[in-house]
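Chains, contacts and geometry: an overview
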Amino acid sequence: MAAIAQAMIAYRSALYDADQIFDYHMQQMALSLRSGAPLSNNAAGPVTDPENNDLVVQVWTPDGVQVFRSLSRAALPQRAVLGFSNVKANGTTYRIFSVQTSNQTVQVAQDMAVRQRMAGTLALRTVGPIAVMAPVLMLVVWWVVSGSLAPVARVRRQVAARQADDLSPVSDEDLPDEVRPLVQELNLLFGRVKTAFDAQQHFVADAAHELRSPLAALKLQVLSLERAADPAARAIAVGRVSAGIERATRLVEQLLVLARQEASLAAEVKLEPINLSELAKRTLGDLAGTAQARQIDLGLHHADAQASVAGHADALIILLRNLVDNAIKYTPAGGSVDLEVGGQADGRVVLLVEDSGPGIPAEERERVFSRFYRVPGSEAGGSGLGLAIIKSIAERHGAKLALEGSERLGGLRVRVDFPAVKAGSS
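Residues numbered from 1 in each chain as written. Predicted model: local features only at pLDDT ≥ 70, side-chain atom pairs only at ≥ 80, totals over all residues. Heavy atoms only, no water.

**With respect to the sheet that holds strand 2 (residues 66-69)**
A sheet is described by the order of its strands in space; here 5 strands give the open sequence 2-1-5-4-3, paired in antiparallel fashion. Strands at the two margins of the open sheet, each flanked by one partner only, are strand 2 and strand 3 (83-89). Looking at each pair of strands side by side, their axes are set apart by 20° on average, direction ignored. (Pairing = 2+ DSSP bridges. Helix = DSSP H or I, 4+ residues; strand = E, 2+ residues; numbered from the N terminus. Axes fitted to C-alpha atoms, helices over the stretch in contact; angles between N-to-C directions.)

**Here's the deal with the side chain of D355**
Looking at the secondary structure, you find D355 in strand 10 (residues 349-355). Owing to a relative accessible area of 7%, D355 belongs among the buried residues under this scheme. Reaching out from D355, the side chain makes a polar contact with the backbone nitrogen of G357 at a distance of 2.8 Å. Apart from the residues lying within four places of it in its own chain, the contact partners of D355 are A327, T331, S336, V337, S406, L409, G410, G411 and L412. (Buried < 20%, exposed > 50% of the residue type's maximum accessible area, 1.4 Å probe, protein only. Polar contact = N/O pair within 3.5 Å; in protein donor to acceptor, adjacent residues only side chain to side chain. Contact = heavy atoms within 4.5 Å.)

**Quick look at the confidence of the model for the protein chain**
Low-pLDDT portions of the prediction should not be read for the details of their coordinates. Residues with a pLDDT of 70 or more make up 80% of the protein chain, whose mean pLDDT is 77. Note that residues 39-46 has pLDDT below 50 and, in this model, 6 contacts with residues that lie over four places away or in other chains. (pLDDT = per-residue confidence, 0-100.)

**Details of the environment of M1**
Following the sequence through the fold, M1 ends up in the segment before helix 1 (2-32). M1 gets classed as exposed once you look at its relative accessible area, which sits at 89%. For the pair formed by M1 and L137, sequence separation is 136 residues and the distance between their alpha carbons is 9.4 Å.

**Considerations on the pairing of strand 5 (residues 105-111)**
Within strand 5, 5 of the 7 residues are buried, which leaves it mostly tucked inside the rest of the structure. Bridge count between strand 1 (residues 55-60) and strand 5: 6 bridges; the pairing is antiparallel. Across the sheet, V57 pairs through a bridge with V108, a residue of strand 5. Here strand 4 (residues 92-100) runs beside strand 5; their pairing, made up of 7 bridges, is antiparallel. Looking at strand 5, one finds that S98 is bridged to Q107.

**A closer look at a nonpolar patch on the surface**
Together, V136, V140, W142, W143 and V144 give the surface a local cluster of nonpolar side chains, amounting to about 570 Å² of exposed area. Here W142 lies in helix 2 (residues 112-160). Classification of W142 by relative accessible area gives exposed; the value is 58%. (Patch = residues over 30% accessible without salt bridge, like charges linked within 9 Å, V, L, I, M, F, W, Y side chains within 5 Å. Areas by Shrake-Rupley, 256 points an atom, 1.4 Å probe, with all protein chains shown as cover. Salt bridge = Lys/Arg side-chain N within 4 Å of Asp/Glu carboxyl O.)

**A few points about unusual backbone geometry**
One non-glycine residue, Q295, lies in positive phi territory at about 60°. By secondary structure assignment, the location of Q295 is in the loop between helix 5 (276-293) and strand 7 (297-303). Its relative accessible area of 58% is what places Q295 among the exposed residues.

**Section: the packing of aromatic side chains**
Under the criterion given, the structure shown has 1 aromatic pair. Centre to centre, the rings of F84 and F97 are 4.7 Å apart; their planes meet at 45°, and the pair counts as tilted. Linking F84 in strand 3 with F97 in strand 4, this pair joins segments that are 13 residues apart in sequence. Of the residues examined, F84 reaches a relative accessible area of 55% and is grouped as exposed. (Phe/Tyr/Trp six-rings, centres within 6.5 Å; stacked < 30°, edge-to-face > 60°.)

**A few points about the nonpolar core**
Within the largest apolar cluster, 39 residues are counted, with the highest numbers of intra-cluster contacts made by L276, L319, L323, L351 and F418. Elements with a minimum of two residues in this core: helix 5, helix 6 (313-330), strand 9 (336-343), strand 10, helix 7 (386-396) and strand 12 (412-418). Of all the elements, helix 6 adds the most residues to this core, at 10 residues. Apart from residues no more than four positions distant in its own chain, L351 is found in contact with L276, L319, L320, L323, L339, E340, V341, V414, R415, V416 and F418. (Core = buried A, V, L, I, M, F, W, Y, C linked by side-chain atoms within 4.5 Å.)

**So, helix 5**
Here helix 5 contains 18 residues, and its C-alpha end-to-end distance of 26 Å stays within 8% of the 26 Å for a straight helix at 1.5 Å per residue. Of all bends in helix 5, the biggest is about 45°, found at L287. Of the positions making up helix 5, those classed as buried are L276, S277, L279, A280, T283, L284, L287 and A291. The N-cap residue of helix 5 is N275: its side-chain oxygen and the backbone nitrogen of S277 are 3.0 Å apart. Just downstream of helix 5 lies Q295, where phi reads positive at about 60°. (Expected span 1.5 Å × (residues − 1). Bend = angle between axes of the 7 residues up to and from the residue.)

Written out as structure tokens, the structure reads:
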């Protein structure tokens, strides 16, 4: 609107100025050539006309005789330089144009001060509308921008007044389209941070609860050690203390592993192509001694050399170790534990861990993924975190985790279905 108004004003002003300039030149030319002008170079005649001091006209014959000179106070040199030139006379500067024909030379001169006055007048007429419109335009822009950004100021006040633990979404009502995506992303960030805080609080609460029991047991066992009256009783007490320390150490290790996995899950670390068969062989080699000590037949039933998944090697090692370690722990002496890695036609990779242990009842298979939960009546010791860690790692890799009965070995079969590796994934 301001541009249209300015254009209209500029057009009207330019038209008016052009009319004034052309009218001025017509007037000056008429005054210079009016019939009362002398047609001779007679110095005794009148030499000035108060109405015609801006434009001077002189005409000479080819032999240099001046035959016409307009009535003006300007005393210009009696010479003509063809074309345009500037001449200083009478304390001012004249712009002169001269043209020569076959029978005469015509010279037209104009005082430069006249041009400067006209230029100043034109400049004032051009700047005047701008000087009037600019403050109006600034006020309008200030009003429009302030009104548009009022919701942004509201959001700023909401965020500034929040407590550190207030992660509720920020309202994006009435926000400009350019700002709304930023607030929406901020709300998504609040949601992720809230999820991380909740997970941390739950983890700390669970860890404190679970560590209380083994520490209390260690305290009682230390008291029993102090009261032991003979070496045999002292040896039994020392053994109990060592076992309690080992369980507490194992619990702390599992808690740290779970915390690291949840932190990496929240960080959304990029996955890389990993050969799962190679990791499976490495895991069996690491746990072969443990299986041999418990007289467990540990083996690799099948391994597809091309079985590749998108994942993180360290996390997948932890998943495999926990799966095999759990199978060894819950399988009676003389039993079997088999590991299988196979590729599917659609590009998926399936990991199977089977054992000949007692298995898990169907009604308990969902609950065992909860932290610190152990199947009632289980004889093997543990912290109840192994399957929780496995589930966390599987979710991080987009894999499906299922507990089934093993038809071949008669115990438990853990099935992990990894999605196909996408081309160019990294």
